[in-house]
Amino acid sequence: MRARIVLRLFLVQALWNHRTMQGPGLAWALVPALRRRADGNREHLEAALRRQSTHFNAHPYLAGVAAGALARLEADEAPEEMVRRFREILRGPLGSLGDALIWNAWLPTCLLGAAAAGMAGVPPLLAVLGFLLVYNALHLGLRWWGAGIGLALGAQVGEALRSHALPRRAERVGRAGVLLLGLLAGLVLGGALLPEAMGPLDGSASRDGEAVPLPPAMAGTVLAVGAGLFVLGFVRGRGSWWWTAILLPGTIALVALAGVAA
Amino acid sequence: MDPAIWLVLAALGGWAALDGTSAGQFMVGRPLVTATVGGAILGDAGAGFLVGVALEVAHLGAVPIGGARIPEPGPAAIPAAALALGVGGSAGVVAGLGLGVVLSVVGGGTILLHRRLNGLLVSSIERRGMSPERLRRGIGIVLAADAARGAALTAGGLLLASALAGPARAFWPLGDAASTGLALALVAYPAGVAASGFAPRRGRLPLLSIGLALGLLLALGVRG
């Protein structure tokens, strides 16, 4: 049952829409469990599908927690109202936990690790393959683990989620991501300022195939403008339309002028 | 461009679109992956990788939280890599970054249309009666539509890249050094935004500084 639910959950976002969000996808994942409960009764099966296809949203890798727990509740013939309330209670935490752990920590950290590896000399395709293998090790592990604890614990699954301290792990991963961002910035700046440090990406800096150093005036301008923009983004913490409208042309003009002056 | 390669790249874009939204989420649709693989198919994985890194840094903060409208950089990164190779050097990376950002916004808009299609399909299934067979058919339809959407976006982007490569190469106003500088400056703001979201406030700056120092040492050490 666990394997069938996990396989179907790879399509949990297939029918995503603004009204029911992952609801229909979740119902699809629960079909094996609902068939078992319906025991051949077509009307019961369709009623259960209607019940499980209503509005629901969670991080796709943690939707298995909900699917497993709901499959368990259906198998235990829990009252409809209990199933409905359980779905509502679970979707918020599964969304925010997954966002904090995966989208805001694990994904950017893995991407930055691959980018830094490539800039440091690892062949690009190997760096990309490494990213996919490392990233998906946690991805697939989470899907399998989530469905497992959901099926095992049913309505008590919330306690298990709290005991695994996922937010603290997300923070640690996020710190590694910040370190890797700095590492990538250092590798890129080092490569731009000292072309002999470019590694196997030598020649990409110039159309003639020769690595081109940044002249001092250009290097100074880029460092100043880049650092200023980085700090602005860091402090502000979000993108905005005025970045596009004002800063972008301004940046282009400043760097172009520095290029002309150099 | 050889039609067979064009088809392979369009198929890669279709797969990237599927993986990003409808099926799997294995992150094969990230711009780092699609630009590098696209660049390898076109003959230069390194140039594709550079464009992919630039697009990733520019989109690190764009995460699919809830129903948020976000750009779609995965399929867009393939024409971006093609343009980068067509122009060459740092100028190519800047040109590719620009095209990639524009196409990713277009891609994000097409995702909204796709979600509306999903909504209509789900409403139709609900009206006719929720059953495993109707769900399966509905999923098949949306998967095909999403793959076609991504492939069309990529194919259109490749046509645009082919058209732009010649004029960009001939009339690029900046030298190689200035282009490198511009590429660095353009990704600095999104990199700052992304860094602000990673870890708790306390300790972020020291970690960033340590990473920066290590990166500079490593850059010198690789060839130094």
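This is a predicted model, so every value here is computed, not measured.

What counts, and where the lines are drawn
Residues numbered from 1 in each chain as written. Chains lettered and ligands numbered in written order. Predicted model: local features only at pLDDT ≥ 70, side-chain atom pairs only at ≥ 80, totals over all residues. Heavy atoms only, no water. Core = buried A, V, L, I, M, F, W, Y, C linked by side-chain atoms within 4.5 Å. Buried < 20%, exposed > 50% of the residue type's maximum accessible area, 1.4 Å probe, protein only. Helix = DSSP H or I, 4+ residues; strand = E, 2+ residues; numbered from the N terminus. Contact = heavy atoms within 4.5 Å. Polar contact = N/O pair within 3.5 Å; in protein donor to acceptor, adjacent residues only side chain to side chain. Patch = residues over 30% accessible without salt bridge, like charges linked within 9 Å, V, L, I, M, F, W, Y side chains within 5 Å. Areas by Shrake-Rupley, 256 points an atom, 1.4 Å probe, with all protein chains shown as cover. Salt bridge = Lys/Arg side-chain N within 4 Å of Asp/Glu carboxyl O. Lys, Arg positive; Asp, Glu negative; His and termini not counted. Charge placed at Lys NZ, Arg CZ, Asp CG, Glu CD. Buried area = accessible area lost by both parts, 1.4 Å probe.

A.B. asks: When you look at the nonpolar core in this model, what are you seeing that I'm missing?
C.D. replies: The nonpolar side chains of a soluble globular protein tend to be buried, and buried together. Counting residues in hydrophobic clusters, the biggest one holds 121 residues, and the most contacted among them are A:Leu49, A:Leu94, A:Ile102, A:Phe131, A:Tyr135 and A:Phe230. When residues in this core are grouped by element, the largest group, 18 residues, is from helix α5 (residues 80–120) of chain A. Excluding its chain neighbours within four sequence positions, the residues that come into contact with A:Leu49 are A:Ala27, A:Val31, A:Leu34, B:Met130, B:Ser131, B:Pro132 and B:Leu135.

A.B. asks: Where do I start with the side chain of B:His59 in this structure?
C.D. replies: Residues and elements named next belong to chain B. Relative to the elements of secondary structure, histidine 59 occurs in helix α3 (residues 45–59). Owing to a relative accessible area of 5%, histidine 59 belongs among the buried residues under this scheme. A distance of 2.8 Å separates a polar atom in the side chain of histidine 59 from the backbone oxygen of leucine 55.

A.B. asks: I keep staring at a positive patch on the surface and nothing clicks. Help me out?
C.D. replies: On the surface, A:Arg4, A:Arg35, A:Arg36, B:Arg127, B:Arg128, B:Arg136 and B:Arg137 cluster together into a patch of positive charge. Of all the elements in the fold, those that place two or more residues in the positive patch are α2 (23–38) of chain A together with α5 (89–128) and α6 (132–171) of chain B. Counting through the fold element by element, A:Arg36 comes out in helix α2.

A.B. asks: Got a minute to help me understand the interface of chain B and chain A in this structure?
C.D. replies: Interface size is often expressed as the accessible area that is lost when the parts come together. At the junction of the two partners, chain B supplies 90 residues and chain A supplies 104 residues. Both faces considered, chain B and chain A share a buried interface measuring about 8100 Å² in area, 75% of it formed by carbon and sulfur atoms. Interface area lost by chain B to chain A is led by B:Met130, B:Tyr189 and B:Phe198, which between them contribute 10%. For the pair chain B and chain A, the interface holds two salt bridges. With a closest N to O distance of 2.5 Å, A:Arg42 and B:Glu133 form a salt bridge. Our enumeration of links across chain B and chain A arrives at 14 residue pairs in polar contact (both at pLDDT 80 or more). Only α1 (3–22), α2 (31–42), α3, α5, α6, α7 (176–198) and α8 (204–223) of chain B provide two or more residues apiece to the side of chain B that touches chain A.

A.B. asks: Can you help me understand the pattern of salt bridges in this one?
C.D. replies: Proximity of charged atoms lets side chains of opposite charge pair with each other. Residue and element names in this part refer to chain B. Within this structure, the stated rule accounts for 14 salt bridges over all chains. We note a salt bridge from arginine 149 to aspartate 146, for which the minimum N-O separation is 2.9 Å. Of the two residues, arginine 149 and aspartate 146 both sit in helix α6, three residues apart, roughly one turn of that helix. A relative accessible area of 0% means that aspartate 146 is categorised as buried.

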